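# Structural description and commentary
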Amino acid sequence: MIKRLTLLLLLAGIGSLFAGLVLTYVPDETLNLTASYYAERTAEDLGAANIVTAIIVTYRGLDTLGEVTVLFLTAAIVGLVLARGKETAGKPQRQLPPPGELLTTGTRLLLPLILLFGAYVFSHGHLTPGGGFQGGAILASAMLLLLLSNPARRFSHRLITLVESTAGISFVFIGILGILLAGGFLDNRILPTGTFGELFSAGAIPLIYTLVGLKVGAEFSSMLVSLSETEEL
Amino acid sequence: MALIAMITGFLLILIGLYGALSNRNILRMIVAFSVANTGVNMVLVAVGYMKGRTAPILDEAVPAAEAASRIIDPVPQALVLTAIVIGVGVTALMLAYAYKLYEKKGSLDISEHTELKW
Amino acid sequence: MVSPIYLIAGALGGAFFLGMLRDQWRTASYLVTLAVLALTSWLAADWAWALATGATGAVEITTAGTPPPFAVNLRLGIAEAALVLLINLTGLLSALYLRDTMFRQGRRAMAVLLIFIMALCGIVMTRDLFNLFVFFELVVISTGGLVLLSRDGRSLAAGFKFLIASQVVSILMLVGIIFAYHATGSLNLDSMAANAAPLLKGGALAFFLIFIAVIAELKVFPANGWALDIYESAHPAFSALVSAGTGSATLFAVDKLLMIGGAPWMTVASAIGIVSFVGANLFALAQRNDRRLLGYSSVAQIGLVLLVAGQKDILGEQYLFVAGGVLLAHAVGKAGLYWLSGLVTGRDLPAWAALRGQPLMLFAFASFIAVLIGLPPFPGFYAKWELVHTLAGEGRLLLLGLLLFGALLEAGYLFRWFGYAIKREQPPEPVAPSFYKRLVIGAAVVAAWALAWLWGELSPHDNLLLATPLLFALLFLPLEWLPAKLKNALAIGGLVAWFWLSYQAYDPLQLIFGAIILIGGALVLLASFQEKGRRLGFYPSAMLMYAGLAMLIVAEDAFTFFAAWESLTIGSYFLILRGRESEPHALSYLVFSLGGAFLIFAGFALASGGNPDFMLDALQQLTGPLVGCVFLLLAIGFMTKRAAIGLHIWLPGAHAEAETDVSPMVSGILLKAGLFGLFLMLMQLGRQSLWGGDLTHVLAWIGAPLAAPGASRPRTGRREALLAGREGSWVGWRSDVVALGGLAHLPEQRRQPEELDRHVLAGGVLGSDGCEPRGEVVAPAGHVELPGPHTVGREGAPVAVVAEGLERRARVAPPPVPLQGL
Amino acid sequence: MTLSIALGLLLALAIVVLALMAVRGKRSLGISILSAGLVGLLASVMFLLLAAPDVAMTEAAIGSGLTTFLFFFVLGRVRRGEHD
């Protein structure tokens, strides 16, 4: 009973904090210091149409690097956790019901479309909403569809981790190129910023976001594959 | 509009925290945490919203010249994107832990795993 | 100079590269990990050296080619460089230590370790608030992953609870960040500090959320249950990394936030810090499991550094010296102890007796404990000296008292643990034979002593490590393999030579005590020639005690006096600990002496009014009510060493159990330190009264009654115990009654040492020379009745008789060896 | 303008109700995971109202889609054991 009481007390405290924040919140009329800088300078400096992508990839590129590492870590640790399981448990393989007819043909039809859409999303990150993470998630959903349609299917871990690592290394390499060629780490002006609105514009942003998309897609699928491999433990 | 979203977000956080800390089943705790994460994301976006302005994408409708007066604050959106992915990362890690805890102890009840005392 | 961004980019590149290697190439991946960690450590060391020698100023690293408030930037100043170096070195050593676990886990675990180290460096270097949050999350996730390395089943539950708590903290922090951004318009720490007004006025709630989240990340005392599970169940090398690395990185993050928060938040930080320091130390007293005890000790030390961070405004430019000293001492000491705990198989404290078979590991254990507590040659000592004086200067006496109380608790449970390791019976399981682990522990010991030398150089006072007596004592450590007789001769030679070299410079008081200590010590050591074998540990501790005493009598300023006082305490503790069942008595001796030492420390701090290099002679100019308190503090402190009534509990036990040649050392020479202190105090302060009572009368009465219980109640049977009882009484009766009574009678103004010898009752001191209690009494004081308050007032018999006796003594015996006549 | 506010209020109500369903212990685990996924989906619609298309896509694809699938995957493994 005391545990429930302390919990309610804690929540009451946090709730009053939030209430305080909401009551004193007054929305700005104009963009503040940093937002106005981004609004004016993104178009000429980086040549990216989607300001949010410009912020994510270049201005706050270190955050994105950290974020991609978060996913890399999660995939590595999930692999570590479930790999530990492999040596210990040896339960008999569970007989799985065969996938339905609809699912297999559907997968064969949808798979290329999903992959194409994913590729579109992360390659046009700097022009339209969407980008590396969303494109990567779509690629992972394509992988998911494959898994659902044929659970016993084995994926080569080698390929997935290879894709993931090459994408990661080239992302860091582009960052370092930023120091050598352009203003600083992760600066996107190592490539010409091209004409505004074109596919090949905004310097290295599309390149970085493609790599991020591949990496995120690979990481999510490696997580799914690790989880699915617990099937026949 | 921003206030509605912010209040919903805070409510979600409180519900999520209540669910996470009062439940005994590990999976329910993780579900509650993912609800709380969605709540936080909603608050983050709500803070960046400005009345009567559009999304920070420059195209024909919002030319670069008058961008400063037409778009909302892009920075919270960049932060939210990172926060969502980090939230998913931590949730996936917790699920892996939950699976291992279940495999080791055969039950999903958190109270059985408290061998370590104060 | 290579740009510091490679600290992050290099480690990341290495981690991703590990993904490329095949899973079977374990050695290749391990070598890549070590190479990356070595490179980043070298880079950090290169920058730290450049910054320390002033080759470059603090360097800003901007990313994305745009100026800071609009892009994430990193900074590398001297503090950041030192911390990054510490984190990388601990990472490298832990990777070495985790060799076999890494091979078993494969390249994924190595990648997680690399990213963990990179994230810690990120926390230290980043100047952006949201970037700080991302690196915190990286640390949380990699901690969750690395906790799985240990084979302990409970680590899963501990890891899960850790993730839950971190998730709650990250939610609060995110909300705080967005509202802080809304209030100040930028996420960069420096620009936030620049226009902090809106943040602290309107957005105070937002800053409160961020501050509380980062403090919770620190795992301070009340909110640390889940952290201790990690410390207890995780792999020791990993706990070393968490306590040294994460602790320091998060503390630096708090320091950056305090830069924005300003004074009100500093008091909050120091309040949380002191509560955490004292609370965690109290809980640590009750611990039986070694790693959980280390966990509590980490929480306490992190609380202490938080306290220092909270005093940043009054510490001024010494802030880096003090905070660095305490933090680095904690990091090295704690990491060393965790690595050491990896060698011992048993998990309860007495199981560490297994270390007794390894003299080197025992020395490492003693050094790590000394580093943690902050004993003289180590950085913690210098740092605490400056901190306590600044606190006294600002009149924050409660903080000062709690700080010293916490430090005493910490010394108590750590030395109790050391006592178990020395005295308890050795468990059957041997210590792990791995060479790598010993290499890592050796590196930690070298780092500890290097820090001691470095902080000695940096401190305004002279470097303790280079004081010749202390150096002479430390010389005996490498010579431990020599036979006892040779070492004994060397020791006696050293003592006499030191007396010969410096007796001209002594004034009469110093001459008397110098003679007793050095020549008396040499005489006592003569008895040690009949010992056979190598007597491991006897000579370093004995010489440490003598070094402390030798430095004590020549000390001019309070700093050297107190450093000498603590060294002799530690030396004598190790000596007494050698006795048969002397573990409880040695511990009670240590707790009493260190308690007394801290009282003296507080007394000096109060007297100095906040000026760290306070000369002893300045005691004379003290005026006002303060003097009474200082007198009281110093008196109690010196009397604990004197074993005066009420504070003598350790004396009989220590005597009864001590080895035959240690017992005269303790009674004859060690107690004289207390007496010297009292003499010094009375000479400087003279008669003092506090709250009406004349303190010196009180002192005299304390001195006299010791005779009664000591003589009338000799301990049962044991010859030493009987001797101890009578000995205590002889020493107590004659020297106290006669000396203190006489001094108390001194006229108001204080006396210079030269005039003093006619009045001082050195006769009493000389007469009660501890070597042979049955020595003939110098002056016919034997039948003088106890001096009641009425007799002391006038020029009573005891004063004249013995003073006249002294003059005959001084004229007759040539100064070099006055004692021969006894 | 009032249309978006009305829509916002409706969405907010739906989200809070679903969140309560996701958290309350009495519902079966599957239902609570599903309602958590729906909370994510409705949140992404709310983000559209808040003029944040990028975030809406991410929340939809990753926040609700992938997370819900991860939950059901682990639930499948665990469900074989004891019924919650």
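Values in this document were obtained by computation on a predicted structure and should not be read as measured data.

### Brief notes about the overall build of chain C
Helix and strand counts for chain C come out as 36 helices and four strands. Every one of the 822 residues in chain C was classed for burial, and the buried ones make up 66%. If you take every contact in chain C between residues at least 6 apart in sequence, the share linking residues at least 24 apart comes to 79%. Accessible area for chain C stands at about 26000 Å²; split by element, carbon and sulfur atoms hold 69% of it.

### Quick notes on the overall build of chain A
What chain A contains, in helices and strands, is eight helices and zero strands. The order of helices and strands in chain A, counted from the N terminus, is α-α-α-α-α-α-α-α. Taking 233 residues into account, the globule formula puts the C-alpha radius of gyration at 17 Å, and chain A, at 23 Å, lies well above it. Seen along its three principal axes, the alpha-carbon backbone of chain A occupies a region of about 60 × 55 × 35 Å. Here chain A holds 233 residues, and the buried ones make up 58% of them. Pairs at least 24 apart in sequence give 69% of the contacts found in chain A among residues at least 6 apart. For chain A, the accessible surface area stands at approximately 9500 Å², while carbon and sulfur atoms represent 73% of it. In chain A, which carries 14 positive and 16 negative side-chain charges, the distance between the mean positions of the two groups comes to 14 Å.

### Regarding the environment of C:M192
Residue and element names in this part refer to chain C. When you line up the elements, M192 lands in helix α8 (residues 189-194). M192 sits in the buried class, given a relative accessible area of 1%. Remark: the alpha-carbon pair of M192 and V344, spanning 152 residues in sequence, is separated by 49 Å. Dropping the residues within four chain positions of it, M192 is found in contact with L129, A180, Y181, T184, S186, L187 and I260.

### Focus on the side chain of C:S608
All names here are of chain C. With respect to the secondary-structure elements, S608 resides in helix α26 (residues 583-608). Residue class for S608 comes out buried when judged on its relative accessible area of 9%. Apart from the residues lying within four places of it in its own chain, the contact partners of S608 are H389 and F614.

### Structural notes on the packing of aromatic side chains
We describe a pair of aromatic rings using the distance from one ring centre to the other and the angle between the two ring planes. Residues and elements named next belong to chain C. One pass over the full model with this rule turns up 49 aromatic pairs over all chains. Centre to centre, the rings of Y382 and F559 are 5.9 Å apart; their planes meet at 25°, and the pair counts as stacked. Here Y382, found in helix α18 (residues 379-394), pairs with F559, found in helix α25 (residues 558-577); they are 177 residues apart in sequence, far enough to count as distant. Taken individually, Y382 and F559 each receive the classification buried, so the pair is uniform in this respect. Seen from their ring centres, F418 and F574 are 5.6 Å apart, and the 65° between their planes marks the pair as edge-to-face. Separated by 156 residues along the polypeptide, F418 in helix α19 (residues 397-423) and F574 in helix α25 bring together distant segments of the chain. These aromatic residues form a ring-pair network of at least three members: W352, F365, F415, W417, F418, Y573 and F574.

### What to know about the interface of chain C and chain A
Facing the 54 residues of chain C at the interface are 53 residues of chain A. Where chain C packs against chain A, one counts one salt bridge. Between C:D128 and A:R60 there is a salt bridge, and its shortest N-O distance comes to 2.4 Å. For the pair chain C and chain A, the interface holds eight residue pairs in polar contact (both at pLDDT 80 or more). Elements represented by at least two residues in the side of chain C that touches chain A include exactly α1 (6-20), α5 (107-125), α6 (129-146), α7 (154-184) and α10 (204-217) of chain C. Its residues placed into classes, the side of chain C that touches chain A shows 36 nonpolar, 14 polar and four charged.

### Concerning the interface of chain D and chain A
Taken together, the contact between chain D and chain A spans 13 residues of the former and 19 residues of the latter. Carbon and sulfur atoms make up 74% of the area that chain D and chain A hide from each other, which totals about 1500 Å². Across the chain D-chain A interface, the total number found is zero salt bridges. For the pair chain D and chain A, the interface holds four residue pairs in polar contact (both at pLDDT 80 or more).

### Some thoughts on the environment of C:K437
Position of C:K437 among the secondary structure elements: in helix α20 (residues 435-458). The residues contacting C:K437, other than those within four sequence positions of it, are C:Y97, C:G342 and C:L343.

### Some details on α20(C)
All names here are of chain C. In this model α20 runs 34 Å from its N-terminal to its C-terminal C-alpha over 24 residues, within 8% of the 34 Å that 1.5 Å per residue would give. Along α20, the residues that are buried comprise K437, R438, V440, I441, A444, V445, A448, L451, A452, W455 and G456. Each element contacted by the buried residues of α20 is listed here: α3 (78-97), α16 (319-343), α17 (359-373) and α18. Two or three places before Y436, at the opening of α20, S434 has a side-chain oxygen 3.4 Å from that residue's backbone nitrogen.

### Quick notes on the pattern of salt bridges
Residue and element names in this part refer to chain C. Per the stated rule, a full pass over the model turns up 14 salt bridges over all chains. A salt bridge links D229 to K161, with the nearest nitrogen and oxygen atoms 3.4 Å apart. Placement of D229 in helix α11 (residues 225-233) and of K161 in helix α7 is noted, with a sequence separation of 68 residues between them. The pair formed by D229 and K161 is uniform in burial state, with each residue classed as buried. For D290, the salt bridge goes to R347, with nearest N and O atoms at 2.9 Å. Linking D290 in helix α14 (residues 290-310) with R347 in the loop between α16 and α17, this pair joins segments that are 57 residues apart in sequence. Three or more residues are tied together by salt bridges with common partners; here these are E60, R75, E80, R127 and D190.

### Examining a nonpolar patch on the surface
All names here are of chain C. A grouping of W453, L454, L458, L466 and L471 is seen on the molecular surface, where their side chains present a nonpolar patch of about 470 Å² in accessible area. At three residues, the largest contribution of residues to the nonpolar patch is made by α20. Mapped onto the secondary structure, L471 falls in helix α21 (residues 468-475). Given the relative accessible area of 41%, L471 is considered partly exposed.

### Observations regarding the side chain of C:R416
Residues and elements named next belong to chain C. By the element assignment, R416 lies in helix α19. Although R416 is buried, it forms no salt bridge, and the closest oppositely charged side chain is E583 at an N-O distance of 7.3 Å. Sequence-distant contacts of R416, defined by excluding residues within four places in its chain, comprise A284, L285, Q287, L293, L349 and L587.

### Some details on the confidence of the model for chain A
Looking at chain A as a whole, its pLDDT mean stands at 82, while 92% of the residues score no less than 70. Within chain A, the lowest mean pLDDT, 79, falls on helix α4 (residues 61-88) of chain A, and the highest, 89, falls on helix α1 (residues 2-23) of chain A.

About the criteria used
- Residues numbered from 1 in each chain as written.
- Chains lettered and ligands numbered in written order.
- Predicted model: local features only at pLDDT ≥ 70, side-chain atom pairs only at ≥ 80, totals over all residues.
- Heavy atoms only, no water.
- Helix = DSSP H or I, 4+ residues; strand = E, 2+ residues; numbered from the N terminus.
- Buried < 20%, exposed > 50% of the residue type's maximum accessible area, 1.4 Å probe, protein only.
- Contact = heavy atoms within 4.5 Å.
- Areas by Shrake-Rupley, 256 points an atom, 1.4 Å probe, with all protein chains shown as cover.
- Rg over C-alpha atoms; globule rule 2.2 N^0.38 Å.
- Lys, Arg positive; Asp, Glu negative; His and termini not counted.
- Charge placed at Lys NZ, Arg CZ, Asp CG, Glu CD.
- Phe/Tyr/Trp six-rings, centres within 6.5 Å; stacked < 30°, edge-to-face > 60°.
- Salt bridge = Lys/Arg side-chain N within 4 Å of Asp/Glu carboxyl O.
- Polar contact = N/O pair within 3.5 Å; in protein donor to acceptor, adjacent residues only side chain to side chain.
- Nonpolar A, V, L, I, M, F, W, Y, C, P; charged D, E, K, R; others polar.
- Buried area = accessible area lost by both parts, 1.4 Å probe.
- Expected span 1.5 Å × (residues − 1).
- Patch = residues over 30% accessible without salt bridge, like charges linked within 9 Å, V, L, I, M, F, W, Y side chains within 5 Å.
- pLDDT = per-residue confidence, 0-100.

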